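# Secondary and tertiary structure notes
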Amino acid sequence: MLEADVEVDRRDFTVRARLTVAPGERLALFGPSGAGKTTLLEVIAGLVAPRRARITLSGRVLTSTGKSVTALPPWQRRVGMLRQDPGLFPHLSVRDNLLYARTRSTSGSAGAELAELAGLLEIDRLMAAMPARLSGGQAHRVALGRLLLSHCDALLLDEPYAGLDASLRRTLTDLVVSLVAERRVPAILVAHELAEAQAFADRLAVLDRGELLQVGAPGEVVLRPAAHRVAELVGYTAFVPVPGSGPGPGSGPGPAAQSLTVAAGSGSGSGSDSDSDSDWDSGSGSVPGSGSVPGSGSGPGSGSGFAGVVAGIHPDRVISGRHPDRGLVLAGIVSSCRPAGALWEVAIRAAGTTVTGRLPEAVPTGTVAELTAVDPPYFDADGAAVVAAAAPAGDHAFAEGARPGRAGVEK
Amino acid sequence: MAASPVTVTPPAPGQNGPGGLAVPRGLRNANRSLAVAGIGVIWLALLGPVIALLTHLSWSSLTTALGAPGAFDPLILSAESGAVTLGVLLLLGTPLAWALARGTLPFPRVWEAGVLATLLLPPLVVGLLLVFMVGPYTAIGHLLSDLHLSATDTFLALVIAQVYESAPYYVLGAQAAFGSVDYRLEQQAALLGDPPLRVFRRVTLPLAAPGMAMAMAIAWARAMGAFGAVVIIAYHPTGLPLQIWTTLQETGLPSALPYALVLLVVALPLPIAAYIWSARARSRRRS
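Quick notes on the rules
- Residues numbered from 1 in each chain as written.
- Chains lettered and ligands numbered in written order.
- Predicted model: local features only at pLDDT ≥ 70, side-chain atom pairs only at ≥ 80, totals over all residues.
- Helix = DSSP H or I, 4+ residues; strand = E, 2+ residues; numbered from the N terminus.
- Buried ≥ 20, exposed ≤ 12 C-beta atoms within 10 Å, placed from the backbone.
- Contact = placed C-beta atoms within 7 Å.
- pLDDT = per-residue confidence, 0-100.
- Nonpolar A, V, L, I, M, F, W, Y, C, P; charged D, E, K, R; others polar.
- Axes fitted to C-alpha atoms, helices over the stretch in contact; angles between N-to-C directions.
- Parallel < 35°, antiparallel > 145°, perpendicular 65-115°, else oblique.
- Expected span 1.5 Å × (residues − 1).
- Bend = angle between axes of the 7 residues up to and from the residue.
- Pairing = 2+ DSSP bridges.
- Core = buried A, V, L, I, M, F, W, Y, C linked by C-beta atoms within 7 Å.
- Domains from an automatic or database assignment.
- Left-handed = near helix turned anticlockwise from the far one by under 90°.

What follows concerns the overall build of chain B. Across its full length, chain B holds 13 helices and zero strands. For chain B, the succession of helices and strands along the chain, N to C, is α-α-α-α-α-α-α-α-α-α-α-α-α. A principal-axis box enclosing the C-alpha atoms of chain B has dimensions of 105 × 60 × 30 Å. Within the span of chain B, comprising 287 residues, buried residues form 32% of the whole. Long-range contacts, defined here as pairs at least 24 residues apart, represent 76% of the contacts in chain B between residues at least 6 apart.

Structural data, given as structure tokens:
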């Protein structure tokens, strides 16, 4: 069990985090670059001195700044760290690198274990090679093998595979996952790519500017971000104001109780939904594009009802067509459509903001399209999730009482 | 939209493809030969003194000069004092170079400037100042005489002068060698369980060794050839450079030349060996 309660100063902010990782558990620290993720790992490894911390690893106190001060040096922590640079010793052969931590006291069973691990990592034919001759993937395998042969009590992986291609990254991730399970050591992976964090972890922690925003299952954090900022970090690219959600006149009973349609403005020829009985966008032909930012509802629109709640739109959680029973329907003019991998990235202008979705089929630019954001999370003006906690995924709470609202469309 | 057929037009003859330089092959070869010849002239000019030495040396003068009784004494003295100098540099210069390279010292520029100062002072001036520092009437001189030592015209004085003349070459060279070792490798070694001294022995030192060997070789050559400071505080006992000087003063140029060859022969092998060894160590890492 690795328990870390850390407060460490960075140049422009303080990293504060409390983490508990059970033996065999894999925690991914996810966040943008410069969020303090690596600093956190370095504090656990003893490479950076914290302002205040208490770190224990399987009962041993590694760092304590409380009444009894402890600061074990890195070489006594038994914490293994793998970075993007595999850090092989260039003057030692692969074999000597692997056996680096096996000094006199521990060299007894090294031979058999070395052979077994080398076979598992598929580096058994490289034993005599010097590190400079290895490919990137091979070097990472050797670094991983060296870490495992050192019998460390915790694994810290600092974006270890950032420079490698996707399939190799996948293989190595799977390898680490199975080895962590087998060794039953706590493991922390730092990643700034969500897919990598999800592929590795059974728990995901979102860190931003030194603050731990959310910890949860890898799927849950993406589907139910606890805050506006988390949603941004996990890939929600647009935040559309939800009609009738604010405290102003005409506000509805809250987003959970209604089906929502954010439609294109009149004259756009959008057909069925372009009736002009809008009750919440009057006088605001153009909703500020930044209406998604928490607290920005203090503008002229705030009185007319959409100040509060915004819905987060994730491009991968958008389907084409009108499906009010599955979430939030967005209608707007297609402003661009371009290939994105095997899908098409379609952008529409709706609710004063650009909403993108990745769809299996192209949609002609300039036409009106309807998209449904499947079960989107909602956030209030302070950025906190509002409905997310109350409405579990798959709940069709939005099916009843469809009451289309409208947002102006900028052309 | 109808797909338009794509046509690829081959470049017309005589035109160069994109990125190619329009230099005819013959001219390119001539250019290259010219460049090699130019570099060769510079190289020969640098080697000029060595060539002159070898061409002006006659076998008979070599045997008469080196056949005299005690002719090898200066050589032995220089080699001994050079070895002691090297030991002192290794012992004192290595930690300083390491600290400078790691940047762990407060005000690192000040420390570096101090090392550079000894390099920038002319050796003759260093010698003069050493008299004021370790001469018989100074505090250090008194201390030395209490220990029945003297730093004037003694072996100790010779070593002190050589240390001052060669130290900056060693310290700066070793600093560069340590600086080329990635500190993250040292961190990695520590995380794998090695305390600092063992990290130094197993990682830092082997990785810095080729560069340090070169620094030592240069320091050795400087120590063997030290003259400016030596002539002030260690005129006796006579090392090789002073032997050359006195021979030149007393009997002229031709009889001084054999000693110059000896100095070359003694001072060069170590740098050459160090160079070969470090080049091989580096290539071994790449294979």
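We now examine the overall build of chain A. Within chain A one finds eight helices and 21 strands. The buried share of chain A, taken over its 411 residues, is 48%. Contacts spanning at least 24 positions in sequence make up 70% of the contacts within chain A whose residues lie at least 6 apart.

So, about the confidence of the model for chain B. All names here are of chain B. When the pLDDT values of chain B are averaged, the result is 85; 92% of them are 70 or greater. The element-level mean pLDDT for chain B is lowest in helix 2 (residues 59-67), coming to 79, with helix 8 (residues 183-191) highest at 93. Predicted confidence for residues 13-17 stays below pLDDT 50, and this span has two contacts to residues more than four positions away or in other chains. Across the interfaces of the predicted complex, the ipTM metric reaches 0.73, alongside a pTM of 0.73.

In this section: the interface of chain A and chain B. If you look at the interface, chain A gives 18 residues, while chain B gives 16 residues. When grouped by side-chain class, the residues that make up the side of chain A that touches chain B number 12 nonpolar, four polar and two charged.

Now for the environment of Val230 of chain A. Residue and element names in this part refer to chain A. Note that Val230 resides in helix 8 (residues 228-233). Overall, Val230 belongs to the buried group, with 25 C-beta atoms counted inside 10 Å. Considered as a pair, Val230 and Leu207 are 23 residues apart in the sequence and their alpha carbons are 8.7 Å apart. Among residues more than four places away in sequence, those in contact with Val230 are Val206, Leu213, Gln214, Val221 and Pro225.

All right, on to the packing of helix 11 (residues 240-251) of chain B against helix 12 (residues 253-267) of chain B then. Residues and elements named next belong to chain B. Running from amino to carboxyl end, helix 11 crosses helix 12 at an angle of 170 degrees, the nearest separation of the two axes being 8 Å. In terms of their interaxial angle, helix 11 and helix 12 are classed as roughly antiparallel. Along the contact surface, helix 11 presents Leu240, Pro241, Gln243, Ile244, Thr247, Leu248 and Thr251, while helix 12 presents Leu253, Ser255, Ala256, Tyr259, Ala260, Val262 and Leu263. Partitioned by chemical class, the residues of the contact of helix 11 with helix 12 number 10 nonpolar, four polar and no charged.

All names here are of chain B. Under the 1.5 Å per step criterion, the end-to-end length of helix 1 (residues 25-56) is 44 Å for 32 residues, consistent within 8% with the ideal 46 Å. At Leu47, helix 1 shows its largest bend, some 55 degrees, and a proline, Pro49, comes one to four positions later. Summarising burial for helix 1: zero of the 32 residues are buried, a small minority.

We now examine the sheet that holds strand 12 (residues 238-241) of chain A. Residues and elements named next belong to chain A. Across the sheet, which stays open at both edges, the three strands sit in the order 12-14-20 with antiparallel pairing between neighbours. Every other strand in the sheet has two partners, leaving strand 12 and strand 20 (378-379) as the edge strands with one partner each. With two bridges joining them, strand 14 (residues 310-313) and strand 20 adopt antiparallel strand pairing. Residue pairing for strand 20: Val310 is matched across the bridge by Phe379.

Next up on the list: the nonpolar core. Formed by 170 residues in total, the largest nonpolar core has its most connected members in Ala28, Leu29, Leu156, Leu189, Val240 and Leu330 of chain A together with Ala161 of chain B. Residues lining this core come from more than one domain, with at least three contributed by each of domain 1 (2-223) and domain 2 (238-406) of chain A. In this structure Leu29 of chain A touches Lys37, Leu40, Ile188, Leu189, Val190, Ala205 and Leu207 of chain A, once residues within four positions along its chain are discounted.

What follows covers helix 4 (residues 136-149) of chain A. Residue and element names in this part refer to chain A. Look at helix 4: 20 Å from first C-alpha to last across 14 residues, which is about the 20 Å you get at 1.5 Å a residue. In terms of burial, helix 4 is a largely internal element, 12 of the 14 residues being buried. Taken together, the buried positions of helix 4 are occupied by Gln138, Ala139, His140, Arg141, Val142, Ala143, Leu144, Gly145, Arg146, Leu147, Leu148 and Leu149. Here the buried face of helix 4 lies against strand 7 (79-83), helix 2 (94-98), helix 3 (110-121), strand 8 (154-158) and helix 5 (166-183). Taken from the residues just after helix 4, His151 is the one with a positive phi, measuring 50 degrees.

Let's shift gears to the confidence of the model for chain A. Residues and elements named next belong to chain A. Residues of chain A with pLDDT of at least 70 account for 76%, and the chain-wide mean is 78. Ignoring residues within four places in sequence, the model shows residues 246-260, a span with pLDDT below 50, making 55 contacts including any to other chains. Across residues 388-411, confidence stays below pLDDT 50; counting only partners more than four residues off in sequence or on other chains, it has 66 contacts.

All names here are of chain A. Counting buried residues in strand 7 gives four out of five residues, a clear majority hidden from the surface. Of the strand pairs in this sheet, strand 7 and strand 8 are connected by five bridges, and their pairing is parallel. Paired with Val79 across the bridge in strand 8 is Ala154.

Residue and element names in this part refer to chain B. The geometry of helix 7 (residues 155-179) relative to helix 9 (residues 196-225) is characterised by a closest axis approach of 8 Å and an angle of 155 degrees between their N-to-C directions. Viewed along their axes, helix 7 and helix 9 adopt a mutual orientation that is roughly antiparallel. Of the two possible hands of crossing, helix 7 and helix 9 adopt the one that is right-handed. From helix 7, Gln162, Glu165, Ser166, Tyr169, Tyr170, Gly173, Ala174, Ala176, Ala177 and Phe178 reach across to helix 9, where they touch Thr204, Ala208, Gly211, Met212, Met214, Ala215, Met216, Ile218, Ala219, Arg222 and Ala223. The residue inventory of the contact of helix 7 with helix 9, partitioned by class, reads 14 nonpolar, five polar and two charged.

What follows is about the environment of Tyr236 of chain A. All names here are of chain A. With respect to the secondary-structure elements, Tyr236 resides in the loop between helix 8 and strand 12. Residues Tyr236 and Asp316 lie 80 residues apart in sequence; the distance between their C-alpha atoms is 8.9 Å. Non-local contacts of Tyr236, meaning those with residues more than four positions away in its chain, are made with Ala231, Gly312, Ile313 and His314.

Moving on, we come to unusual backbone geometry. The omega angle of the peptide bond from His236 of chain B to Pro237 of chain B is -10 degrees, so this bond is cis rather than trans. With respect to the helices and strands, Pro237 of chain B occurs in the loop between helix 10 (228-233) and helix 11. A positive phi angle, close to 40 degrees, is found at Glu159 of chain A, a residue other than glycine. If you trace the backbone, Glu159 of chain A turns up in the loop between strand 8 and helix 5. The backbone of Phe107 of chain B shows a phi angle near 50 degrees, a positive value even though the residue is not glycine. You can see Phe107 of chain B is positioned in the loop between helix 3 (73-102) and helix 4 (108-120). Owing to 8 C-beta atoms within 10 Å, Phe107 of chain B belongs among the exposed residues under this scheme.

The subject of this paragraph is the environment of Leu185 of chain B. Relative to the helices and strands, Leu185 of chain B is located in helix 8. Remark: the alpha-carbon pair of Leu185 of chain B and Val199 of chain B, spanning 14 residues in sequence, is separated by 9.2 Å. For Leu185 of chain B, the contacting residues outside a window of four places in its chain are Gly87 and Phe89 of chain A together with Val203 of chain B.

Residues and elements named next belong to chain A. Where strand 16 (residues 327-340) meets strand 19 (residues 368-374), seven bridges bridge the pair, whose relative direction is antiparallel. Opposite Leu328, over in strand 19, you have Ala373 as the bridge partner. Two elements, strand 16 and strand 17 (residues 343-350), share seven bridges in a ladder whose sense is antiparallel. Pairing of Arg338 across the sheet is with Glu345, part of strand 17. The antiparallel pairing of strand 16 with strand 17 creates a hairpin that spans two residues between the two strands, and Gly341 there sits at a positive phi of about 65 degrees.

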